[in-house]
Structure formats: structure tokens, C-alpha cells
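# A look at the structure
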Amino acid sequence: MRIGWIGPMPSVHGGVASMATQQLLGLTRAGAEVEAFVSSPAELPRALHGLPGLVVHAQATRWHYDHWYSATDLTAHMTGATARALRLRGVGASVLERHRSQPFDVIHQFSMPELFALHGRRGRLPPVVVHPEVHAAGELRWHHRERALALRGESTTRHLAVRSMLTARSVLQRADLSHADLVIAPSSRFAQLLGQDCGVADERIRVVPNPIDVAQFHPADEPPRDGPRRLLFVSRIAVRKGVDAIVELSHRIDDLAGQVVIEVLGDRSMWSDYRHLLADLNPATAICVGQLPNDELRGRLQRATALLQPSRYEPFALTVAEALACGTPVITTDEVGATEDVDPSVGVRVAAGDVAALERALRGLLVALADPATETRLRRLARAEAERLFATDVVGRRLVGALEDVASA
């Protein structure tokens, strides 16, 4: 089948851009012919160079950081979103031109729920599949509920400006998702939220998890057993990520000082900054590391005892899948999409917001891992679960199946 793919510039440096790389690899390996329309002329990852079945069309951007319109995080977020919307109109014209020349069977838009590229062109195109990773309504819900936490570190004016932006995007996304022929969600929980918040009917949603590079993220030859047990919290230090839960947990495990340490890895988002909460971490059991390059993050995932992800809203959580691929068990909330189908012995799930349950799960896992044979078995199981659920070729076949279904409907 021929797919017109619209999405972010593929990369190997983590996040949605790295998922784009794995998605394009998976689609082409599953036999699809893909023309990718991206909005940056940056260098393609080596894995995509000369890839059979893939053609990439890149459009340059005139928007840049450190200009008057992007001088602050908030203005950069807002003007950057506007610039992307305008640029995607040009992408849409290119998609239609290529479809007229050599028809696509389906248009697949990855990451962004809004149909900026396709407005006014839907009637002249094949079925359109939208594949969002988050939705503004979910962010807005927690931006409202965590108002007191946010206002400890930002002005009311900024808070209200972000609220207005999320509200506007929520309205737009609900309207645009109603025009999609199919919506792909990376988890069942996110599919539920899309139905609840955006009115997407069950029959128009398919669940396909996100792919990861299981060759890049792999277990260490021998996990270290010297020194304190290292627990990772890898996340944006921002709204709905459970930063406050990690702070509370660091005090609850004060009796384990010297035996365990929580390493907080990550930086603020462009429009939400919860780093002020980290000042309350218990220094005896937790440290702030900050943002790390992807290679160093992989090394920490390999050496960690467990990854903690106490999010209150998390459609997937790429680092959870990457940790499992490194052979590292994870403890998450029941809002984290990546652990929905993972064996519960290596993908422990607790109720979102229940820090006492998070503590019990952690202590239970530490007891289990005290036995070297059990630790070896669980690390092997974690790796096997990542290969079963998130390997590029596995996800690619599932995604092609969903696209074929809508193309033939």
C-alpha cells in the first residue's frame, strides 16, 4: 500500500522524533511504500538513508529560537505552534499534488491531532488517519487540577495564558478529530480519553503501541550490584507527571537512605515548569541530575534498579518502554499507557495519585530483587516484554494492518 505520512522530522535523539524514525522503519519493513512529508530540512537519521520504499519531502522553516518572537518559553511555544500550523498548510498542498500524481491509499498524520495540513483538502484525498500522542484536553485537565502546584513557581498571568492556549487547542482538536476516518491511540487508556474528551467513537479508534529501537536500548552485560540501588524518574519536570509524588516518596523512604537513591532526570517543558518542587526532595534519598543526552540516558537505564513513572496522565511514556528494553523493571500508575499489557511482575501498576501504594510497590520490588536469581529472571522478562510489545517490526506490522483496514473500508 502507498502511504502519505505527515509528521515531525525523524531523529535518533529521543521523544516523538525518535518514534517517527522507528515508525517509518516499521512501515517500510512491513511492505508499505511511504512518502513522508516533514517540516524541517535537517539531516535524516542514517537508518533512513536510501531506505527502500521511503521517499522524504522536507520543507524548510523560517522560525527560529532566540528571536524576538521566541524570547521566552511561552512566546516560543505559542509562536512555534503558529509557525507549524502555517507551514503545515504548505505540506498539505504537497501531499495533494503527490496524490494527484501517484495516488496514496491512505494519509497517516503522526503526533499532531490538528489537521492543519489537510483543511479544505479532505474531499480530494484518500482516508485520513490521525495518530496523536497527547491531546490538549488531557493537559488542560491537569493544568487546572494542579493550579496550586504550578502557582508556586509561575505568575497568575502566565498560568492563565497557558490555560487559554490549551482551551483553544482542545476545541480545535475535538473538531479536527471528528473529520478523521480513523484515530490511532498508543494505549487503551488514551483511546478512552479521546472518546470522553473529543467524542471519538470506539469504532473509529485502533490501539497500536509506540515502537522503540530495541537494538539501541538493550541490557547491560552485567547490572551493577555495588553501591545504593538507583531508581530513575525520567520525565519532563512539568504538569501531570507526578513530580510531587516523587518528592513525597523521597521522604517516605528516608529509612532506606544509603541503600537507595532516586535520580531525577529531565527538564521543564516549554510551557510548564515544576522544577521549584524539586527543592523539597529529601537529599538523603534523591538527587536532581537534569537533562541528559540519549546515550547517557541509555546507560543509566541499563544500570538502574527500576524506573518510576507516577504520572496522572500519560498516553504512553516512551522511557518506560526503553527501560524495559534495557532489562529494567518499571513501577507506573494505571494512567501510563506503556504498561497496560506488560507482565505485572516487571510492569507494576498502582493507582494514580496513591503515593502510599507507590511506596509499597517499590519496597516489594526491592525485596524481590535482593535475590540475585530473581533479579536476573526479572531483567530477562523485562527485556522479553519490550521485544514482544514494542519492537519496531512488531509495531510496524500492527500499524500497517490498521491502515490497510481503513484503506479498504
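These remarks concern the structure in this document.

About the cut-offs
Residues numbered from 1 in each chain as written. Predicted model: local features only at pLDDT ≥ 70, side-chain atom pairs only at ≥ 80, totals over all residues. Heavy atoms only, no water. Salt bridge = Lys/Arg side-chain N within 4 Å of Asp/Glu carboxyl O. Helix = DSSP H or I, 4+ residues; strand = E, 2+ residues; numbered from the N terminus. Buried < 20%, exposed > 50% of the residue type's maximum accessible area, 1.4 Å probe, protein only. Pairing = 2+ DSSP bridges. Axes fitted to C-alpha atoms, helices over the stretch in contact; angles between N-to-C directions. Contact = heavy atoms within 4.5 Å. Expected span 1.5 Å × (residues − 1). Parallel < 35°, antiparallel > 145°, perpendicular 65-115°, else oblique. Nonpolar A, V, L, I, M, F, W, Y, C, P; charged D, E, K, R; others polar. Polar contact = N/O pair within 3.5 Å; in protein donor to acceptor, adjacent residues only side chain to side chain. Left-handed = near helix turned anticlockwise from the far one by under 90°.

Taken as a whole and assessed by the stated rule, the structure comprises 32 salt bridges. Residue Arg-2 is joined to Glu-35 by a salt bridge in which the shortest nitrogen-to-oxygen separation is 3.1 Å. You can see Arg-2 sitting in strand E1 (residues 2–6) and its partner Glu-35 sitting in strand E2 (residues 33–38), a full 33 residues away along the chain. What makes Arg-2 buried here is its relative accessible area of 8%. Owing to a relative accessible area of 3%, Glu-35 belongs among the buried residues under this scheme. For Arg-206, the salt bridge identified is with Asp-405, shortest N-O distance 2.7 Å. Pair noted here: Arg-206 is in strand E7 (residues 205–207) and Asp-405 is in helix H12 (residues 392–408), with a separation of 199 residues, a long-range link. Among the charged side chains, a salt-bridge network with shared partners connects Glu-139, Arg-236, Arg-240, Lys-241 and Glu-314.

Turning next to the sheet that holds strand E4 (residues 106–111). Within the open sheet, the seven strands sit side by side as E3-E2-E1-E4-E5-E6-E7. Their pairing is parallel. Only two strands of the sheet have a single partner each, and these edge strands are strand E3 (54–58) and E7. The mean angle between the axes of side-by-side strands here comes to 20°, regardless of whether they run parallel or antiparallel. Taken together, the three bridges between strand E6 (residues 182–185) and E7 define a ladder with parallel strand orientation.

Think of a sheet as strands paired side by side through backbone hydrogen bonds, with each pair either parallel or antiparallel. The parallel open sheet is built from six strands, whose spatial order is E10-E9-E8-E11-E12-E13. The sheet is open, and its two borders are formed by strand E10 (286–290) and strand E13 (347–350), each paired with just one other strand. Recorded for the sheet is a direction-independent mean angle of 25° between the axes of neighbouring strands. Bridge analysis of strand E11 (residues 306–309) against strand E12 (residues 330–333) gives three bridges, and the strand direction is parallel. Across the sheet, the residue bridging to Gln-309 is Thr-332, located in E12.

Note on placement: His-99 falls in helix H2 (residues 73–101). With sequence-adjacent residues up to four places away left out, His-99 is seen in contact with Phe-104, Arg-124, Leu-125 and Pro-126.

Let us look at helix H11 (residues 372–390). Between the first and last C-alpha of H11 there are 27 Å, a value that for 19 residues agrees with the 27 Å anticipated at 1.5 Å per step. Residues of H11 that are buried include every one of Thr-374, Glu-375, Leu-378, Arg-379, Ala-382, Arg-383, Glu-385, Ala-386, Leu-389 and Phe-390, and no others.

Take the environment of Arg-174 next. Position of Arg-174 relative to the elements: it lies in helix H5 (residues 156–177). As a C-alpha pair, Arg-174 and Ile-246 span 72 residues in sequence and 33 Å in three-dimensional space.

Between helix H3 (residues 136–145) and helix H6 (residues 188–198), the shortest axis-to-axis distance is 9 Å and the interhelical angle comes to 80°. Looking at the two axes, H3 sits roughly perpendicular to H6. Side by side, H3 and H6 meet where Ala-137, Gly-138 and Arg-141 of the first sit next to Leu-193, Gln-196 and Asp-197 of the second. Tallied by class, residues from the contact of H3 with H6 come to two nonpolar, two polar and two charged.

Let us look at the side chain of Asp-197. Structurally, Asp-197 is set in helix H6. Under the relative-accessibility criterion, Asp-197 is labelled buried at 16%. A polar contact of 2.8 Å, which involves the side chain of Asp-197, links it to the side chain of His-135. Within polar-contact distance, the side chain of Asp-197 engages the side chain of Gln-196 at 3.3 Å. Among all residues touching Asp-197, those that are not within four sequence positions of it are His-135, Ala-137, Gly-138, Arg-141 and Arg-174.

In this section: the packing of H3 against H5. Across the interface, H3 lies against H5 with an axial gap of 8 Å and an inter-helix angle of 150°. Taken together, H3 and H5 sit at an angle that is classed as roughly antiparallel. For the crossing formed where H3 meets H5, the hand is left-handed. Across the interface between the two elements, Ala-136, Ala-137, Glu-139, Leu-140, His-143 and His-144 from H3 touch His-159, Val-162, Arg-163, Leu-166, Thr-167, Arg-169, Ser-170 and Gln-173 from H5. Residues belonging to the contact of H3 with H5 are distributed by class as follows: five nonpolar, six polar and three charged.

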